[in-house]
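Residue-level listing of the chains:
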Amino acid sequence: MPDSRSRVENMFRTMHRTAPLDRPRQAVEARLDMLTSSGDEASRLGEAMRYALLAPGKRFRPLLTIAAAERHGGSLEGVLDVACAVECIHAASLILDDLPCMDDAEFRRGRQATHVAFGESTALLASVGLLSKAFEIVASAQALDTAARSDVIAVLAGAVSPAGLVGGQFADLTASTEDQCGDGIGERHSRKTGALFAAAVESGARVAGAGIAERALMRSFGLNLGQAYQHLDDVADATGSTETMGKDVGKDANRATLAVLDGIDGGLRAADRHLRAAAVILHHNTAERDPLARLFATTFGWPA
Ligand code: GRG
């Protein structure tokens with residue numbers, strides 16, 4: 001449970017180098033490299049796509065996909081391409097999020113944002129390229145049967161849709177500090193960030209053969225986790241440094257986040273509420289050695 005500002009910074013810092021996560025993270029990075037090495041990476045557009053995608057991110061969403069599959073008896077190899085598709089969607093969203101017409105951020109993942117390095121038009125096209133790459137990867141994933149491919153595509157498309165990332169980002173851009181209450185923030189966080197977390201774990205579970213009830217449980221876990229993660233990101237925006245976070249901070253000073261409206265402690269309390277809810281869902285009906293529970297405990301310093 002986060003109990004101080006430095007704990008939030010430490011959490012993001014240690015997520016980059018937590019030894020137990022090295023194997024799946026390296027597998028994701030190697031596969032992403034392979035999946036985007038088809039020949040057009042030599043072009044400026046391909047270069048921009050790989051620049052954004054292969055930059056040193058924490059890979060938390062694909063790690064969730066892998067752990068959710070393993071929780072349901074699946075394997076890293078069986079779910080790897082789906083995990084990579086999730087990361088492609090995330091990287092596509094980061095490119096757009098940083099554009100001058102959105103967050104106007106110049107620094108991301110410890111380096112220049114894609115539009116700063118490649119120009120706005122190339123960055124925008126690189127985002128669309130990564131988004132379509134995600135669906136191409138799932139549609140041609142050898143480890144999945146036809147029904148699983150189609151289910152995962154539906155789950156991921158739903159996450160990007162106006163009910164998910166796109167709508168959440170729109171609501172975020174049009175929100176002001178004056179007209180927002182805690183409920184509005186929860187709804188925006190749920191769509192902007194929770195939707196992809198939910199899709200990450202649901203698709204992992206689906207690939208491993210989970211049924212409707214388990215998939216719903218995973219969705220609910222992911223939505224809570226995503227909301228907690230966004231609150232912690234908001235706290236880090238207010239308290240962290242560009243050096244530690246690898247991206248611009250202080251971008252939300254005039255935004256309606258709980259860290260702004262209710263102060264740092266308000267942001268931390270909200271994160272804690274969602275982490276508690278996620279933990280309750282996670283520990284419902286689970287084996288003792290659940291990889292998803294381990295990932296959760298390692299990342300958030302939560303009792304296993
Ligand atoms: C077309 C896919 C697509 C989206 C369009 C721009 C947009 C709509 C949505 C933005 C969603 C967004 C960027 C939400 C912020 C989520 C967040 C906390 C990002 C930072 O995640 P980390 O810390 O980043 O996991 P790394 O770099 O480690 O992967």
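Please refer to the structure placed before this passage.
Figured I'd write up the structure that's included with this text. Along every chain, residues carry numbers that run from 1 in the direction the sequence is written. The model is predicted, so local features are restricted to residues of pLDDT at least 70 and side-chain atom pairs to those at 80 or more, both for listing and for counting; the totals for chains, interfaces and linings are taken over all residues. Processing note: side-chain calculations cover all non-hydrogen atoms of the structure and skip hydrogens and water entirely.

Focus on the packing of aromatic side chains
Filter applied, for reference: We call Phe, Tyr and Trp rings a pair once their centres come within 6.5 Å, taking the six-membered ring for Trp, and we label the pair stacked below 30 degrees between planes, edge-to-face above 60, and tilted otherwise. Secondary structure follows DSSP: runs of H or I at least 4 residues long count as helices, runs of E at least 2 residues long count as strands, and numbering of each begins at the N terminus. Residue exposure (1.4 Å probe, protein chains only): buried if accessible area is under 20% of the type maximum, exposed if over 50%, otherwise partly exposed.
According to the stated counting rule, one finds seven aromatic pairs in the structure shown. With a centroid separation of 5.0 Å and 50° between ring planes, the pair formed by F197 and Y229 is classed as tilted. Note that F197 is positioned in helix α10 (residues 182–207) and Y229 in helix α11 (residues 212–239), a separation of 32 residues in sequence. Across the pair, Y229 and F197 agree in class, each one buried. Three or more aromatic residues joined by ring pairs form one cluster here, namely F60, F197, F221, Y229, F296 and F300.

A few points about the packing of helix α2 (residues 22–35) against helix α5 (residues 76–98)
This is how the line gets drawn: To define axes, lines are fitted to C-alpha atoms, for helices over the stretch in contact only, and angles between the resulting N-to-C directions are given on a 0 to 180 degree scale. Should an angle fall under 35 degrees it is taken as roughly parallel, and over 145 as roughly antiparallel, whereas 65 to 115 is taken as roughly perpendicular and any remaining angle as oblique. By the definition used in this description, the sense in which the near helix is turned from the far one sets the handedness, with an anticlockwise turn below a right angle giving left-handed and a clockwise turn giving right-handed. Residues are treated as being in contact if the distance between any of their heavy atoms lies within 4.5 Å. Following the grouping adopted for this structure description, the nonpolar residues are Ala, Val, Leu, Ile, Met, Phe, Trp, Tyr, Cys and Pro, the charged ones are Asp, Glu, Lys and Arg, and the polar ones are all others, Gly among them.
Running from N to C, α2 and α5 cross one another at 70°; their axes reach a closest spacing of 9 Å. The orientation of α2 relative to α5 falls into the category roughly perpendicular. Pair α2 / α5 crosses with right-handed handedness. Judged by residue contacts, R23, P24, A27, V28, R31, L32 and L35 of α2 engage L76, E77, L80, D81, C84, E87 and C88 from α5. A per-class count over the contact of α2 with α5 returns nine nonpolar, no polar and five charged.

Focus: the nonpolar core
Rules: For our purposes a nonpolar core is just a set of buried Ala, Val, Leu, Ile, Met, Phe, Trp, Tyr and Cys residues, chained together by side-chain atoms within 4.5 Å.
F221 and F296 are the most contacted members of the largest nonpolar core, which has 82 residues in total. Considering each element in turn, this core owes the most residues, 13 residues, to α5. Beyond its immediate stretch of four places on either side in the chain, F296 contacts F221, L225, L275, A278, A279, L282, G301 and W302.

Here's the deal with the site of the ligand
Applicable threshold: We define proximity as follows: a residue is near a molecule or strand when any one of its heavy atoms falls within 4 Å of that partner. N or O atoms closer than or at 3.5 Å make up a polar contact, with two conditions inside protein: a donor-capable atom paired with an acceptor-capable one, and, for residues adjacent in sequence, both atoms drawn from side chains.
Residues in contact with the ligand amount to 20 residues; listed here are only the nearest, K58, R61, H90, R109 and Y229. R61 places a side-chain nitrogen or oxygen 2.8 Å from an oxygen atom of the ligand. For the ligand, an oxygen atom lies 2.8 Å from a polar atom in the side chain of R109. Looking at the shell around the ligand, the elements that each hand over two or more residues are α5, α9 (165–174), α10 and α11. The dominant element in the shell around the ligand, judged by the number of residues it contributes, is α5, at six residues. Across the shell around the ligand, the residue classes break down as seven nonpolar, six polar and seven charged.

Observations concerning the pattern of salt bridges
Our working definition: By salt bridge we mean one thing: a side-chain nitrogen of Lys or Arg within 4 Å of a carboxyl oxygen of Asp or Glu.
Applying the stated criterion to the full structure yields 21 salt bridges. Here D33 makes a salt bridge to R50, at a shortest N to O gap of 2.9 Å. Here D33 is found in helix α2, whereas its partner R50 is found in helix α3 (residues 44–54), with 17 residues between them in sequence. Via salt bridges that share partners, D151, E202, R206, R215 and R219 belong to a single interconnected network.

Let's talk about empty space enclosed by the protein
Quick reminder of the rule: Residues are called lining when one of their atoms sits within 4 Å of a cavity or pocket point, these points coming from a 1 Å grid over the protein atoms alone, where a cavity is a set in which a 1.4 Å probe fits but cannot get out and a pocket is an open set with protein on both sides within 12 Å along at least five of seven lines. Grid points are joined across faces, edges and corners, and a volume is the space filled by probe spheres set on the points.
Scanning the model with the defined rule gives one cavity of 30 Å³ or more in all. Empty space within the largest cavity amounts to approximately 70 Å³. Along its surface, the largest cavity is lined by Y51, A52, A55, A91, L94, I95, D98, R108, R109, R111, Q112 and T114. Going through the elements one at a time, α3, α5 and β2 (111–112) are the ones with two or more residues in the lining of the largest cavity. Looking at the lining of the largest cavity residue by residue, the classes come out as six nonpolar, two polar and four charged.

With respect to the environment of M49
Locating M49 in the fold gives a position in helix α3. Judged by its relative accessible area of 12%, M49 falls in the buried class. Non-local contacts of M49, meaning those with residues more than four positions away in its chain, are made with A126, G129 and L130.

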